[in-house]
Structures are given as C-alpha cells and as structure tokens.
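Each chain, written out:
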Amino acid sequence: MTTSINRQFRLRSRPTGEVTEHDLEWLEEPLADIKDGQALIRTLYLSLDPTNRVWMSQIRSYIAPVELGSVMRGLGVGQVVASRRADLPVGAFVVGFTGWQEYCIADDSTLEIPFTVLPQPLPAPLPAFLGVLGHTGISAFLGVELGNPQPGETFVVSAAAGAVGSIAGQLAKQRGARVVGIAGGAAKCEYLVEEVGFDACVDRHSDDWREQLDDATPDGIDVDFENAGGPIMDYVLDRLNVGARITLCGLISEYNDYSDQGARPGLQNVSQLLMQRVTLRGFIVTDHVDRYGEIIGELAKALGGGALQYAETIVDGLENARETLNSALSGNTRGKVVVKVADL
C-alpha cells in the first residue's frame, strides 16, 4: 500500500436544490488495515449518475438513503491493491459500489452488491464498464426490451444524449423503430441525428419544443423510454397511441426538487394512461443482476461490431465530483459522466 490516507466525500445534510459543500464534505481520513475476508480496492473511475441525487434525499426509493455522516454511495471501477479473500485477487480490475472515495474496503457485511471481477484482457477501456458495458448500458438494454418497439413504431426517449438514452435509441433503431430523441440544446440534437443515427430530435431548450415534438411524431408515440419526468413526460403522455408502452427509467428533471419532505411536481395528463390503455413499467437495473453477464455480452458484441456508439464526459479529480454531478443534473454534459480518480 502506497498511502495511509483516504480522501472522500461524506454526506452531512440532505440537499435542497443543487448539492453544496455543506451537504457533501470533502475530507481526508486514515486508511485502516484490511482484515480476513476483506480486500482493499483503489478507485480508478467513479460513475456520476442522476440516482446519486436520489440517494442523498429521504424519498422512498428502491434502496435506503445514504445515512448522514456516511461516505457518499457510488459505483466505480477499481483495482484490488491488497486482499485477504480469494474472490478478489490483487491486481484484478473490479466494478461495484466503491463510494465517493479513493479507497474502498470490500467486505460482505457492508456491500449492497458484491464486486464483479472484470475479464482479462479487457474488451474495452475501463470507463466503458460504468457506461455502455456497465449499469447504464444494461439499463438501456432492459428498458428497450420491456418497451418492445416493433418495426415502424415511434420510439421516443428523453434525456436522449445521456448515457442511457443514447444507447436506448440505438437499440430501438436496430429493432426497426423510428427513434425520436428529446435533448437539451441544438448541439446535442445534431449529434444524435447526424452521428448516432436518430431519426429526429427535439430541443427541450427551445420555446417551441412541444411543436417540435408534434412535428417529429405525426403518428403519435408507441413507446416512451422515460428519463426526464416533469413537463416533458406530461406532454408525451398526451401524444401516446392506444396500447402504448412506457418504460420508466428515471425522472432526472425532478431530482433537485427532492428534499427531506420529498416534495416534487405532479403530472396533469395521467388520465391518458387510462384513455389510451397504456402499459407503464418502472424498472431498476439492480433487480436484474442475474442477467448482467448475458446483457454485457450482447452489448460488447454490438460495440465491437460497430453497431453502437457512445460518448463520455470524463472529469479529472475526485474533488470535482460534487460540481460535476450538479452540472450533469443541469443537462450540461453529454453521454456517460465519469470522474477519473487515479491513474493506473
């Protein structure tokens, strides 16, 4: 071990709006020695995801909120640097809940989900295992599978330039659907249409985004891959066809509204779920751990064959994680957002 110090973020208060330095404290702590049944993992890349903001609040969720005073929860890719357990050998690259810290002690009594050892040789760069070949790529795969777009149907995906949305649109396109993205800004829309292959894209920053969505979906919407929530989802509800399907992956536009009271805006067009006989299915990627190997294999095959493109925003320095998360939640990033914590 080359250091006895562990730099990390600890949650000190529940944010209201953007996350501040008073909510997440940046500090240094002594690094403990590992015991039998433990391994020490050095974080190399940290995934920044909208769900990080959910975990900071006390809203009822699929996983308990991060406790005040605890290291901020987060997924990362790391390397085992010391080990007293056979399943995590020294030198192995792993993916799992490293937390927002430079070093993590892997211990069965504290891990929500065990670390996964990555294959050698690596089929892709390490950050890809937090994106297209990680939980965000798996989320896209599962959501498209649940929505089951058919050839000729209209598939709409919000937060379309993000890590999940950009992959979901490509997978739906491969199934023969007409894919319409909703993204923030003309540059993102141009990227999705010209480089990724979407059929159309709606700029949610434009005053006429509703009219743009009308024009892009003249035959209505058959599948909504929902990442945004709020006014975007509400308007999409009013354009759904009879028998439409919604796969609910995220509600990113609402997360900064979450507080200790869980206050959040409501939808006005919920009646359309009834009127159009819509199927709405929420899903959480960690409910499908048993399929990770299968799905990553499919995504790796598509990636290796040139059938998938992906973008990354990589920011240097763990100390920048808080500001980068705020930027991502404001829609100022493209593709998978990752913090580079350490060099190999």
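Rules used throughout
Residues numbered from 1 in each chain as written. Predicted model: local features only at pLDDT ≥ 70, side-chain atom pairs only at ≥ 80, totals over all residues. Heavy atoms only, no water. Axes fitted to C-alpha atoms, helices over the stretch in contact; angles between N-to-C directions. Helix = DSSP H or I, 4+ residues; strand = E, 2+ residues; numbered from the N terminus. Parallel < 35°, antiparallel > 145°, perpendicular 65-115°, else oblique. Left-handed = near helix turned anticlockwise from the far one by under 90°. Contact = heavy atoms within 4.5 Å. Nonpolar A, V, L, I, M, F, W, Y, C, P; charged D, E, K, R; others polar. Pairing = 2+ DSSP bridges. Salt bridge = Lys/Arg side-chain N within 4 Å of Asp/Glu carboxyl O. Buried < 20%, exposed > 50% of the residue type's maximum accessible area, 1.4 Å probe, protein only. Expected span 1.5 Å × (residues − 1). Domains from an automatic or database assignment. Polar contact = N/O pair within 3.5 Å; in protein donor to acceptor, adjacent residues only side chain to side chain. Patch = residues over 30% accessible without salt bridge, like charges linked within 9 Å, V, L, I, M, F, W, Y side chains within 5 Å. Areas by Shrake-Rupley, 256 points an atom, 1.4 Å probe, with all protein chains shown as cover. Lys, Arg positive; Asp, Glu negative; His and termini not counted. Charge placed at Lys NZ, Arg CZ, Asp CG, Glu CD. Core = buried A, V, L, I, M, F, W, Y, C linked by side-chain atoms within 4.5 Å. Phe/Tyr/Trp six-rings, centres within 6.5 Å; stacked < 30°, edge-to-face > 60°. Lys NZ or Arg CZ within 6 Å of the ring centre and 35° of its normal.

Participant: Tell me about the packing of helix α2 (residues 135-147) against helix α3 (residues 163-174), and please be specific about residues and values.
Facilitator: Between α2 and α3, the shortest axis-to-axis distance is 8 Å and the interhelical angle comes to 45 degrees. It follows that α2 is oblique to α3 by the angle criterion. The element α2 and its partner α3 pack so that their crossing is right-handed. Taking contact as the criterion, the partners of Thr136, Ser139, Ala140, Phe141 and Val144 in α2 are, on α3, Ala163, Val164, Ile167, Ala168, Leu171 and Ala172. By residue class, the composition of the contact of α2 with α3 is nine nonpolar, two polar and no charged.

Participant: Kindly report on the sheet that holds strand β8 (residues 154-158), identifying the contributing residues and their values.
Facilitator: What the six strands build is an open sheet, ordered β10-β9-β8-β11-β12-β13; its pairing is parallel. Each of the sheet's edge strands pairs with one partner strand only, and the pair in question is β10 (200-203) and β13 (279-282). If you compare each strand with its neighbour and ignore which way they point, the axes differ by 15 degrees on average. Both strand β11 (residues 221-226) and strand β12 (residues 240-248) contribute to a ladder of five bridges, which runs parallel.

Participant: Before we move on, can you summarise the pattern of salt bridges with the specific residues and values?
Facilitator: Inspection of the entire model under this criterion finds 14 salt bridges. Of the charged contacts in the structure, one is a salt bridge between arginine 7 and glutamate 102, with a shortest N-O distance of 3.0 Å. Residue arginine 7 is found in strand β1 (residues 5-11), and its partner glutamate 102 is found in the loop between β5 (93-96) and β6 (103-107); the two are separated by 95 residues along the sequence. Put simply, aspartate 343 and lysine 340 hold a salt bridge, and the shortest N to O gap is 2.6 Å.

Participant: Break down the environment of phenylalanine 97 for me, with residues and values.
Facilitator: Inspection of the secondary structure assignment puts phenylalanine 97 in the loop between β5 and β6. What makes phenylalanine 97 buried here is its relative accessible area of 10%. Distance from phenylalanine 97 to threonine 20, taken between C-alpha atoms, is 22 Å for residues 77 residues apart in sequence.

Participant: Which residues make up α3, and what values go with them?
Facilitator: Spanning twelve residues, α3 covers 18 Å between terminal C-alpha atoms, matching the ideal 16 Å at 1.5 Å per step. Most of α3 is tucked away: ten of the twelve residues are buried. Among all positions in α3, only Ala163, Val164, Gly165, Ser166, Ile167, Ala168, Gly169, Gln170, Leu171 and Ala172 are buried. Of the residues flanking the end of α3, it is glycine 176, one or two places downstream, whose phi is positive at about 95 degrees.

Participant: A description of the domain arrangement of the protein should follow, citing residues and the corresponding values.
Facilitator: Taken as a whole, the protein is organised into domain 1 (5-130 + 311-340) and domain 2 (135-286). Each of domain 1 and domain 2 was reduced to a C-alpha centroid, and the two centroids are 28 Å apart. Our count for the domain 1 to domain 2 interface comes out at zero salt bridges. At the junction of domain 1 and domain 2, the tally comes to six residue pairs in polar contact (both at pLDDT 80 or more). Put simply, the parts of the chain that give the side of domain 1 that touches domain 2 at least two residues each are α1 (50-56) and α9 (321-329). Sort the elements by how many residues they give to the side of domain 1 that touches domain 2 and α1 lands first, with four residues. In terms of residue class, the side of domain 1 that touches domain 2 is built from eleven nonpolar, eleven polar and six charged.

Participant: Describe a negative patch on the surface, listing the residues and the values that go with them.
Facilitator: Together, Asp207, Asp208, Glu211 and Asp215 make up a region of like negative charge exposed at the surface. You can see aspartate 207 is positioned in the loop between β10 and α5 (209-216).

Participant: With reference to specific residues and values, describe the nonpolar core.
Facilitator: In terms of nonpolar packing, the biggest core is built from 49 residues, with Phe155, Leu171, Leu192, Phe225 and Leu308 touching the most fellow members. Per-domain counts for this core show at least three residues from each of domain 1 (5-130 + 311-340) and domain 2 (135-286). Ignoring anything within four residues of it in the chain, the contact list for leucine 308 reads Val132, Ile167, Gln170, Leu171, Gln174, Leu299, Ala302 and Leu303.

Participant: Can you tell me about the packing of aromatic side chains, naming the residues and giving the values?
Facilitator: In total, this model carries six aromatic pairs according to the counting rule given. Ring geometry for phenylalanine 155 and phenylalanine 225: centres 6.3 Å apart, planes at 55 degrees, overall tilted. With a gap of 70 residues between them, phenylalanine 155 in strand β8 and phenylalanine 225 in strand β11 connect regions that are remote in the sequence. The pair phenylalanine 155 / phenylalanine 225 is uniform in exposure class, with both members buried. Aromatic pair phenylalanine 225 and phenylalanine 283: ring centres 6.4 Å apart, planes at 80 degrees, arrangement edge-to-face. Here the residue phenylalanine 225 occupies a position in strand β11, and phenylalanine 283 occupies one in the loop between β13 and α8 (292-304), the gap between them amounting to 58 residues. For the pair formed by phenylalanine 225 and phenylalanine 283, the shared burial category is buried. A cation sits over an aromatic face here: arginine 210 above tyrosine 235, 6.0 Å from the ring centre.

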